[in-house]
Amino acid sequence: RAGGPGAPACRAGPAPTPPSADPPALTGWELRELVEAKWGLPYDTRLCRRRDGLGRPRVYLEVMWKHLGQRSFPLSERRFMAQLDAVAELCVAWGVEDQVREGIEACTKRPVLE
């Protein structure tokens, strides 16, 4: 789906920041709350692997334009939460929880179809 009809509206930065004093682990529920607090709806999130301007591989958190509760949204709430849990688990494994939190908060774009 990445790069297709559900193209990203906003991306949290690609490079990990040095960890602070052991941030709390990001959860799927927290990711949902961050997105809802920012944009008012539980938008879907995905991880997308792309190359940056220098050709280096990067991983971005994409906030998609479809959201839970939308008639055409393909996931049940249970599957949606499993998806968010999987995204959060990878962010934790890569040590980028704070970067994701800050990136969502700092984002100035709205989730739209690009």
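Residues numbered from 1 in each chain as written. Predicted model: local features only at pLDDT ≥ 70, side-chain atom pairs only at ≥ 80, totals over all residues. Heavy atoms only, no water.

Draft legend 1. Region of interest: the pattern of salt bridges. Scanning all chains against the criterion turns up 8 salt bridges. Of the charged contacts, one joins Glu77 and Arg32 as a salt bridge, the two residues approaching to 2.9 Å between their closest N and O atoms. With Glu77 in helix α2 (residues 77–94) and Arg32 in helix α1 (residues 28–39), this residue pair connects regions lying 45 residues apart in the sequence. Under the relative-accessibility criterion, Arg32 is labelled buried at 11%. The partner of Arg50 in a salt bridge is Glu62, and the shortest N-O contact between them spans 3.2 Å. Of this pair, Arg50 sits in strand β2 (residues 43–51) while Glu62 sits in strand β3 (residues 57–67), and the two are 12 residues apart along the sequence. On the accessibility criterion, Arg50 (25% relative accessible area) is partly exposed. (Salt bridge = Lys/Arg side-chain N within 4 Å of Asp/Glu carboxyl O. Helix = DSSP H or I, 4+ residues; strand = E, 2+ residues; numbered from the N terminus. Buried < 20%, exposed > 50% of the residue type's maximum accessible area, 1.4 Å probe, protein only.)

Draft legend 2. Structural detail: α1. Compared with an ideal rise of 1.5 Å per residue, which puts 12 residues at 16 Å, α1 spans 16 Å between its outermost C-alpha atoms and is within 8% of the ideal. Here α1 has its buried residues at Gly28, Glu30, Leu31, Arg32, Val35 and Trp39. Residues of α1 that are buried sit in contact with β2, β3, α2 and α3 (97–106). Looking one or two places after α1, you find Gly40, whose phi comes out positive at around 85°. (Expected span 1.5 Å × (residues − 1). Contact = heavy atoms within 4.5 Å.)

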